[in-house]
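Structural overview for review
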Amino acid sequence: MNKQLNILVVEDQKSSYQLIDRALSEINVNVKLIWLQSGDEVLPLLEQQGKTIHAIFLNLKLPKLEGSEVLKLLEQRPDIPRLPIYILSGL
């Protein structure tokens, strides 16, 4: 059995989240998705669970706090583990 990957998906559109979920399930990856719908939820979650997250899928266009701002905040926080971040955008 493969190790479970915990992936944080920061995406406000349910259909986009479902697309990611479906794509990962089709390639038979042992993954647990954690879905956040706005950028202002990212730092609190990573402060609590950052060591258990393996990657982040981050939309740039989000309510409350945009993805680009999340990136800037993460850059300023050396206490939060550095993770691969995959940018999502409908641009």
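Quick caveat, the model's predicted, so the values are computed rather than measured.

1. Digging into the overall build of the protein chain
Helix and strand counts for the protein chain come out as three helices and four strands. In the protein chain, the order of α-helices and β-strands from amino to carboxyl end is β-α-β-α-β-α-β. Relative to the 2.2 N^0.38 estimate, which gives 12 Å for 91 residues, the radius of gyration of the protein chain is 13 Å and therefore close to what a compact globule would have. Classification of the 91 residues of the protein chain by burial places 35% in the buried group. Pairs at least 24 apart in sequence give 74% of the contacts found in the protein chain among residues at least 6 apart. Accessible area for the protein chain stands at about 5900 Å²; split by element, carbon and sulfur atoms hold 51% of it.

2. Here we look at unusual backbone geometry
A positive phi is found at Asn-28, a non-glycine position, where the angle reads about 60°. Mapping Asn-28 onto the fold places it in the loop between α1 (14-26) and β2 (31-36).

3. As for the pattern of salt bridges
A side chain with one charge may pair with a side chain of the opposite charge, provided their charged atoms come close. Across all of its chains, the model carries three salt bridges by this definition. In this structure, Lys-72 engages Glu-69 in a salt bridge whose closest nitrogen and oxygen atoms are separated by 3.4 Å. You can see Lys-72 and its partner Glu-69 sitting in helix α3 (residues 67-75), three residues apart, about one turn around the helix. Note on Lys-72: relative accessible area 46%, which makes it partly exposed. Between Asp-79 and Arg-77 there is a salt bridge; the shortest N-O distance is 2.7 Å.

4. Overview of the pairing of strand β3 (residues 55-59)
Burial within β3 is extensive, with five of its five residues counted as buried. Side chains Ala-55, Phe-57 and Asn-59 project from β3 onto one buried face, and the interleaved Ile-56 and Leu-58 project onto a second face that is buried too. Note: strand β1 (residues 5-10) against β3, four bridges, orientation parallel. Within the sheet, the bridge partner assigned to Val-9 lies in β3 and is Phe-57. A crossover connection joins β3 to the parallel strand β4 (residues 85-88) through α3; in handedness this β-α-β unit is right-handed.

5. So, a nonpolar patch on the surface
Taken together, the side chains of Leu-71, Ile-85 and Ile-87 define a hydrophobic patch exposed on the protein surface, amounting to about 210 Å² of accessible area. Along the chain, Ile-85 falls in strand β4. Judged by its relative accessible area of 31%, Ile-85 falls in the partly exposed class.

Parameters and conventions
- Residues numbered from 1 in each chain as written.
- Predicted model: local features only at pLDDT ≥ 70, side-chain atom pairs only at ≥ 80, totals over all residues.
- Heavy atoms only, no water.
- Helix = DSSP H or I, 4+ residues; strand = E, 2+ residues; numbered from the N terminus.
- Rg over C-alpha atoms; globule rule 2.2 N^0.38 Å.
- Buried < 20%, exposed > 50% of the residue type's maximum accessible area, 1.4 Å probe, protein only.
- Contact = heavy atoms within 4.5 Å.
- Areas by Shrake-Rupley, 256 points an atom, 1.4 Å probe, with all protein chains shown as cover.
- Salt bridge = Lys/Arg side-chain N within 4 Å of Asp/Glu carboxyl O.
- Pairing = 2+ DSSP bridges.
- Right-handed = clockwise from strand over helix to strand, strands pointing away.
- Patch = residues over 30% accessible without salt bridge, like charges linked within 9 Å, V, L, I, M, F, W, Y side chains within 5 Å.

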